[in-house]
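Below are the chains, spelled out letter by letter.
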Amino acid sequence: MPSYVAPTQDLQFVLHEVLKVSESAIPGYDELEPDFTLAVIEEAGKIASNVLAPLNFSGDREGCRLENGVVYTPKGFKEAFEQMKDGGWTALDCDPEYGGQGMPYVLATSVGEIFVSANMAFNMYQGLTHGAYSAIHVHGTDAQKQTFLPKMVSCEWTGTMNLTEPHCGTDLGLMRTKAEPQDDGSYAITGQKIFISAGDHDMSKNVIHLVLAKIPGGPEGVKGVSLFIVPKFNVNENGSLGERNGVSVGSIEEKMGIHGNSTCVMNYDSARGFLLGDMHKGMRAMFTMMNEARLGVGLQGYAQAEAAYQNAVIYANDRLQGRAVTGAQNPNGPADPLIVHPDIRRNLMDQKSFVEAARTFVMWGASMIDEGHKLGNKDAEGLVGLLTPVIKGFLTDKGFEMAINAQQVYGGHGYIEEWGMSQFARDARIAMIYEGANGVQALDLVGRKLGTDGGKHVLAFFEIIKNFIKENADHPALKDDFLPQLKQASKDLQAASMYFVENGMKDPNNALAGSYDFMHLFGHTCLGLMWARMAKAAHDAIEGGASDKDFYTTKIATGRYYMARQLPATSLHLARIQTGADTVMALDAGQF
């Protein structure tokens, strides 16, 4: 069975030596001293290793089941959920007014990585609840907040989001779920939703569904969509639970992975719902939840890769196969361990260099979310908005690829379920699909995000790279192995952006045909910037007399690998983008 150990030193390195959180002016960051964050991360790591990780394998095997209208989670999940609630882990960054601990989102993100790596399916129950909490916190009335948020913060009640219907996924304007106004100000919700993660289960007393539906007589398409709070059990005026609402589970989806999470078909039969936010403005309220979820899904991509990588390293050191071409490394044994072979090293270096940069990228994004929320910094909000589809799309694409790479290290054993590597690959695969399939993320990036505020935010990104290169032009650790490569990647990204400007207006397909490559080009450039920042921090730590010199020299060497072996992919993506749409659109539909 696979194991997992929280990467405590790596997380601390990102927080304190790359992001320098305790030196930030963001409110609450002054409390993020190294001793404090270390204590939080270490405690999260204990729960992850001792409680959640052992349930990951068994939960995958057992899955969830629906019996007589009741959804049962795998053995041990309910008890683990109680531990999470008792420890306050569900409330880390939630508003203290409703029982939260009020910690910065960047710290909650660090803890979230640990829990996702240990047991992705389990963590989704509280993760979806946090998203629903955020939507109500931003868009709810005072009465709605007082009614729902305290129990959602504690996860006594959990939450979901309901978007997809059998006939429509991304194109939500096609939805058929209706919301009929009632005399008491509520709405009767009728329709069916599918793919509802954590849709129902036995771990909380109530489930608070956020449901997109159309009020009759409203505008056509997405402009007529509203968002509603629909509890599983109606809530009485005194806060106690009343009768069962008109919402039920039609079935549990049979999925490729995340078997420990109850992905449900939800049926609404005149269920009592309450408008959340403004009428016909449901997408605005839902995107409060979805933008947070998309960063969280990007995290899922690299967190699964981290767990898979850890186990692949163990296997590569233990498994004896063949001899090193330069001479026996294990002369007293029948063969050398796998890790002596260059191709295994390449595979592991691909994984390691991706995971460590992806972690820094997501944590940087989380810090910008904190800056936007706590300081009202619109530039930070704009930049993280631009980067969100890159975080979600690129990191989940590469996260799945790295989980497959880890599986490959095992050879035939990687294909055998009892070794557990298959589960990492299967669980990671969904992250490329849900919360907006990655093709949609690429279209959003090129079609919408690039031009936001007149292109202000992408120009700000280029300026960040330009300034970093200028400020560190003579840095001994960067000037040869990091800055020239980063500069070239930035040039490739700018050239791709200019191609869209010059050719997209003449034929929008020229932009959209290159959107997926652009998302990956952007992603590689971001990870190149992260590695340059990490290499600088690591070198400065060594120069400052750091005791664990090996940790920092390993960082620099891993960064050099990424810059030399991965970052040149930007040129390939640019070349593809510049071919335009002709070859992509060459066939008629009937020729496929």
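Residues numbered from 1 in each chain as written. Predicted model: local features only at pLDDT ≥ 70, side-chain atom pairs only at ≥ 80, totals over all residues. Heavy atoms only, no water.

A.B. asks: Whenever I open this one, the packing of helix 12 (residues 456-471) against helix 15 (residues 515-543) confuses me. Can you help?
C.D. replies: How two helices sit against one another is set out by the angle between their axes and by the gap between those axes. Packing of helix 12 against helix 15 leaves a shortest axis separation of 11 Å and a crossing angle of 35°. Relative to helix 15, the crossing made by helix 12 is left-handed. Only Phe522, Thr525, Cys526, Leu529, Ala532, Arg533 and Lys536 of helix 15 make contact with helix 12, whose side of the interface consists of Val458, Phe461, Ile464, Ile465 and Phe468. Residue composition of the contact of helix 12 with helix 15, grouped by class: nine nonpolar, one polar and two charged. (Axes fitted to C-alpha atoms, helices over the stretch in contact; angles between N-to-C directions. Helix = DSSP H or I, 4+ residues; strand = E, 2+ residues; numbered from the N terminus. Left-handed = near helix turned anticlockwise from the far one by under 90°. Contact = heavy atoms within 4.5 Å. Nonpolar A, V, L, I, M, F, W, Y, C, P; charged D, E, K, R; others polar.)

A.B. asks: When you look at the packing of aromatic side chains in this model, what are you seeing that I'm missing?
C.D. replies: In this description, a pair of aromatic rings is defined by centroid distance and the angle of the planes. Evaluated as defined, the whole model comprises 16 aromatic pairs. Centroid distance Phe77 to Phe122: 5.4 Å. Interplanar angle 75°. Geometry classified as edge-to-face. Of this pair, Phe77 sits in helix 3 (residues 77-86) while Phe122 is found in helix 5 (residues 120-139), placing the two residues 45 residues apart along the sequence. One exposure class covers both Phe77 and Phe122, and it is buried. Here a set of aromatic residues connected by ring pairs shows up, and it is made of Phe461, Phe462, Tyr499, Phe500, Phe518 and Phe522. Residue placement shows Lys151 over the ring face of Trp157; its charged tip is 5.4 Å from the ring centre. Seen from the ring of Phe233, Arg244 lies directly overhead, with NZ or CZ sitting 5.6 Å from the centre. (Phe/Tyr/Trp six-rings, centres within 6.5 Å; stacked < 30°, edge-to-face > 60°. Buried < 20%, exposed > 50% of the residue type's maximum accessible area, 1.4 Å probe, protein only. Lys NZ or Arg CZ within 6 Å of the ring centre and 35° of its normal.)

A.B. asks: Honestly, a negative patch on the surface in this entry has me stumped. Any pointers?
C.D. replies: Together, Asp30, Glu31, Glu33 and Asp35 make up a negatively charged patch on the protein surface. Mapped onto the secondary structure, Asp35 falls in helix 2 (residues 34-62). Assessed through its relative accessible area of 66%, Asp35 is described here as exposed. (Patch = residues over 30% accessible without salt bridge, like charges linked within 9 Å, V, L, I, M, F, W, Y side chains within 5 Å. Areas by Shrake-Rupley, 256 points an atom, 1.4 Å probe, with all protein chains shown as cover. Salt bridge = Lys/Arg side-chain N within 4 Å of Asp/Glu carboxyl O. Lys, Arg positive; Asp, Glu negative; His and termini not counted. Charge placed at Lys NZ, Arg CZ, Asp CG, Glu CD.)

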